[in-house]
Amino acid sequence: MKPEFTIPVVINPPQTPAVRAGAMAHSRPFVAKAEHQQALGFPGELVDDWHDKALAKMKQLLDSSRALQVFMDSCVKCGACADKCHYFLGTADPNNMPVARQDLLRAVYRRYFTFAGRWLPWLVGAVDLTEDVLREWYAYYHQCSECRRCSVYCPFGIDTAEVTMAGREILASVGIGQKYSNEIIGKVHDIGNNLGLKPPALAHTLEELAEEVSEDAGAPVAFPLDENGAEILLVTPSADFFAEPHVDGLIGYAKVFHRAGISWTLSSHASEAANFGLFVGSHAHMKKVAERVREAALELGVKRIVVGECGHAWRVAYSYWNTLIGPFDFLDPNYPAPQHICEVTHDLIHRGALSFDKSIHDDKVITFHDSCNVARASNMGGVPGGQFILPRDIIRACCNHFVDMRDDAIGEATYCCGGGGGLLTDDLVELRVKGALPRMQALREVIDEHGVTHMAAICAICKSQFGKVMPYYEFDMDMVVSLHQLVGDALILDRGAH
Amino acid sequence: MTNFFAALFYLAAVVFIGGVAWRARLYARTPAPLKIPTTPAPFTRGGVALRMLREVVLFESLFKASRWTWLFGWLFHFGLLLVLLRHLRYVTDPVWGWVAWLQPAGVYGGFAMLIGLAGLWARRLLVDRVRYISSPSDHLHLALLAAIAGSGLAVKYFWHTDIVAIKNFARGWLAFAPAPLPADPALLAHLAAAALLFLIFPISKLMHAPGLFFSPTRNQVDDSRARRHAPAVN
Ligand code: SF4
Ligand code: SF4
């Protein structure tokens, strides 16, 4: 592979780079075409009165988000967050320090909305809103994966993800949207999933999958679609329907349901768990995308909603669904709504409903990548830190060899894969490769020290991102596995056997 | 002179209290439309109160982030707290027992402030990341605080002033009848700098203090599945 950029060197223990101003100023994703902007209700190109429109939008966001308002005022420039962002660590561009990223917006906020910035702009680093500023916003608000690592360390909990979302929303509202995210949101509105996969094609895919898996497993593992009256509606990222290693995860869920005798179904109307409305900061689009899930659940008359392996989808489902598309009073109150597939599997293991042949994984040493949105914006199992405990419990239940990466790269301190937050697109490959550095370093360490062979993940974006960037670091892309692939492979399907 | 300083402090008090109240009201009224607590987010209000307490007293998140910044930041803030408590002797009569007891420690507080400020300033100048994000006002904040702490210690150690007169001034000020203020330069510099700090508080990054309590990532309960978060939206 011959990239046009330097691949960062993996060094352990990792070192914080010296700042190199402008190192990533050239990195910007493709701008959305007019039709994709307009489909989402945004102007097709930069509007004439962009200056006033942008400020009006900023005002509206400040007025409707306490987080944004408080974060704009509260930063003391202590620098505690400065070395916490994987994009800074991988690129050395100082605008990728979370505080500097916020400052891009804050400088304009101060200029137009604060006393000091109005009268003494030079004193507080306030700047006029110019087209150059918009360009800088576009570059650096698309170098943030909204992973919230910075927010864990900030003494005031300032969450740069919220600032990034605001920055992107302002940009889109004056006509500069991002192609990748906006196209995908449009596809979900039109068809129901990120891939633009139509219901007949989905049905066909699932039928083939059922045939294949049933033959391999020697048991009738079904992949039901639009089955009225099923107990569970499974909403999963559409990558699970095709791509490796995602589809092995889907096979894992199906085997778990089969073994536990739980009836379940997918929906052709809500055939996507991902919700890119989150990434572009638009509550309206996030709600519209999520609405499909409520509609499908009501239509099919299910009792529970379960979300498959997808990080930001779980954040939206766990934290926002109840607000956006709740209340879920039509579901079985004995289960949390929604549930994560890991919660389902974990509970079944706990109750002794699943048994495993762990030896099948004896050729592997597994480590686990905590996905940022699961780690820092959700919970599982209703116990503190459950989002870290449950996946590891599940891996240990079906594999004999598991080791964790070092403490500052897992749990609440986990590093984003480098492709989250709407950045999983080929036009940002340099950023994605560089942003993966901290994870690659932590992985290198456990490979060298513990002979790790596989890294499990519970996020479609993480899995795709790793598949893409790991070869740059000379890792085999097959090292990445779905957590439920490990489950599915080791699960004993024959009820009589144990 | 006395009247000027008395007036300055009345103005500073109005700006400080009014300004902070105005910002706090704005924060409180601005809706938080979605649940965004950051891990490790407590499941109960009590848990959130505890988390806040740890943030306010121990600077827990900062401790995780950077030991040096934590050390200097903590030294400064708790030095400041001691010094503020020590200053209660100028407005209480008779001086409350624990305030009297705290007097010697209060002096150490002044030194802790200076050490903390020096450390924070050194980081701002020497660490390239922190230098990059610093604007003139960040340096001036440090300069102002150092001037307050330094002039205070100078009054204590070098240019003694008439403590009884200051106390009369302070108690008189509270009763809207300030007594004459000693015209010692170090003291006046100390008072002027302190007044300036209160004046800029609501329009500067000093708002981080009230801001923390309104930060949704820290003050929200992680119970989004169990309780529907459905605030009125602007
Ligand atoms: S949210 Fe993540 S990607 Fe964005 S600035 Fe913070 S650490 Fe970096
Ligand atoms: S840690 Fe928080 S207060 Fe400190 S510089 Fe970063 S955003 Fe600002």
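Residues numbered from 1 in each chain as written. Chains lettered and ligands numbered in written order. Predicted model: local features only at pLDDT ≥ 70, side-chain atom pairs only at ≥ 80, totals over all residues. Heavy atoms only, no water.

Caption draft 1: Seen up close, the overall build of chain B. Of regular secondary structure, chain B possesses 11 helices and 0 strands. Along the chain direction, N to C, the helices and strands of chain B fall in the order α-α-α-α-α-α-α-α-α-α-α. In chain B, which comprises 234 residues, the share counted as buried stands at 50%. Residue pairs in contact within chain B that sit at least 24 positions apart in sequence constitute 70% of those at least 6 positions apart. Between the mean site of the 23 positive side-chain charges and the mean site of the 9 negative ones, chain B shows a separation of 6 Å. (Helix = DSSP H or I, 4+ residues; strand = E, 2+ residues; numbered from the N terminus. Buried < 20%, exposed > 50% of the residue type's maximum accessible area, 1.4 Å probe, protein only. Contact = heavy atoms within 4.5 Å. Lys, Arg positive; Asp, Glu negative; His and termini not counted. Charge placed at Lys NZ, Arg CZ, Asp CG, Glu CD.)

Caption draft 2: Quick look at the sheet that holds strand E3 (residues 304-307) of chain A. Residue and element names in this part refer to chain A. Read from one edge of the open sheet, 4 strands run E2-E1-E3-E4, paired in parallel fashion. Strands at the two margins of the open sheet, each flanked by one partner only, are strand E2 (264-265) and strand E4 (339-340). Bridge analysis of strand E1 (residues 232-235) against E2 gives 2 bridges, and the strand direction is parallel. Among the inter-strand pairings, leucine 233 is bridged to a residue of E2, identified as threonine 265. Strand contacts of helix H15 (residues 311-325): E3 and E4, with the helix running at about 140° to E3, the strand carrying the most contacts. (Pairing = 2+ DSSP bridges. Axes fitted to C-alpha atoms, helices over the stretch in contact; angles between N-to-C directions.)

Caption draft 3: Main features of a nonpolar patch on the surface. Residues and elements named next belong to chain B. On the surface, Tyr108, Phe111, Ile115, Tyr157, Phe158 and Trp159 cluster together into a nonpolar patch covering about 760 Å² of accessible area. Sort the elements by how many residues they give to the nonpolar patch and helix H5 (residues 97-126) lands first, with 3 residues. Judged by its relative accessible area of 63%, phenylalanine 158 falls in the exposed class. (Patch = residues over 30% accessible without salt bridge, like charges linked within 9 Å, V, L, I, M, F, W, Y side chains within 5 Å. Areas by Shrake-Rupley, 256 points an atom, 1.4 Å probe, with all protein chains shown as cover. Salt bridge = Lys/Arg side-chain N within 4 Å of Asp/Glu carboxyl O.)

Caption draft 4: Highlighting the packing of aromatic side chains. Residue and element names in this part refer to chain B. Under the counting rule described, the total for this entry stands at 24 aromatic pairs over all chains. With a centroid separation of 5.5 Å and 65° between ring planes, the pair formed by tyrosine 27 and phenylalanine 214 is classed as edge-to-face. Of this pair, tyrosine 27 sits in helix H1 (residues 2-29) while phenylalanine 214 sits in helix H10 (residues 208-214), placing them 187 residues apart in sequence. The same class applies to tyrosine 27 and to phenylalanine 214, which are both buried. What links up through ring pairs into an aromatic cluster is the set Phe59, Phe63, Trp70, Trp74 and Phe78. (Phe/Tyr/Trp six-rings, centres within 6.5 Å; stacked < 30°, edge-to-face > 60°.)

Caption draft 5: Spotlight on the site of ligand 1. Residues and elements named next belong to chain A. Near ligand 1, the surroundings consist of 13 residues, among which Cys85, Cys144, Cys147, Arg148 and Cys150 are the closest. Mapped by element, the contributors of at least two residues to the shell around ligand 1 are helix H4 (86-91), helix H5 (98-113) and helix H9 (149-153). Looking at the shell around ligand 1 residue by residue, the classes come out as 6 nonpolar, 3 polar and 4 charged. (Near = heavy atom within 4 Å. Nonpolar A, V, L, I, M, F, W, Y, C, P; charged D, E, K, R; others polar.)

Caption draft 6: Structural context of the environment of His141(B). Turning to its location among the elements, His141(B) is positioned in helix H7 (residues 136-157). With near-sequence residues (within four places) excluded, His141(B) lies in contact with Ile200(B), Ser204(B), Lys205(B) and Leu206(B).

Caption draft 7: The arrangement of the interface of chain A and chain B in detail. Facing 77 residues of chain A, the contacting portion of chain B comprises 52 residues. For the pair chain A and chain B, the summed buried area comes to about 5,100 Å², and 57% of that belongs to carbon and sulfur atoms. By the criterion of area lost to chain B, the three top residues of chain A are Arg66(A), Tyr318(A) and Thr323(A), representing 14% of everything that side buries. Residues Lys64(B) and Glu412(A) are paired through a salt bridge, measuring 2.9 Å at the closest nitrogen-oxygen approach. Applying the counting criterion to the chain A and chain B interface returns 37 residue pairs in polar contact (both at pLDDT 80 or more). It is H15(A) that provides the largest number of residues to the side of chain A that touches chain B, a total of 8 residues. (Buried area = accessible area lost by both parts, 1.4 Å probe. Polar contact = N/O pair within 3.5 Å; in protein donor to acceptor, adjacent residues only side chain to side chain.)

Caption draft 8: Spatial organisation of the site of ligand 2. For ligand 2, the set of nearby residues contains 13 residues, the closest of which are Cys75(A), Cys78(A), Gly79(A), Cys81(A) and Cys154(A). Considered class by class, the residues forming the shell around ligand 2 number 10 nonpolar, 2 polar and 1 charged.

Caption draft 9: Molecular detail of the sheet that holds strand E6 (residues 454-457) of chain A. All names here are of chain A. One open sheet accounts for 3 strands, arranged E5-E6-E7; its pairing is parallel. Each edge of the open sheet is held by one strand with a lone partner, namely strand E5 (366-368) and strand E7 (480-482). When strand polarity is set aside, the average angle formed by the axes of neighbouring strands in this sheet is 40°.

Caption draft 10: Spotlight on the nonpolar core. Residue and element names in this part refer to chain A. Of all hydrophobic cores here, the largest spans 179 residues; its most connected members are Phe223, Phe257, Trp321, Ile395, Leu443 and Met470. No other element matches H15, which puts 9 residues into this core. Looking at which domains feed residues into this core, each of domain 1 (46-174) and domain 2 (191-490) supplies at least three. Discounting chain neighbours no more than four positions away, the residues touching isoleucine 395 are Ile366, Phe368, Phe402, Ala456, Leu483 and Leu486. Judged by nonpolar contacts, the second largest core, of 27 residues, contains Ala54, Leu55, Ala139 and Tyr141. (Core = buried A, V, L, I, M, F, W, Y, C linked by side-chain atoms within 4.5 Å. Domains from an automatic or database assignment.)

Caption draft 11: Structural view of the domain arrangement of chain A. Residues and elements named next belong to chain A. In terms of domains, chain A is made up of domain 1 (46-174) and domain 2 (191-490). Distance between the C-alpha centres of domain 1 and domain 2: 31 Å. With 20 residues of domain 1 at the contact, the number on the domain 2 side is 27 residues. In this structure, the connection of domain 1 to domain 2 is made through 0 salt bridges. Those elements giving two or more residues to the side of domain 1 that touches domain 2 turn out to be H4, H9 and helix H10 (160-173). Broken down by element, the side of domain 1 that touches domain 2 gets its largest block of residues, 5 residues, from H4. For the side of domain 1 that touches domain 2, the class distribution of residues is 7 nonpolar, 6 polar and 7 charged.

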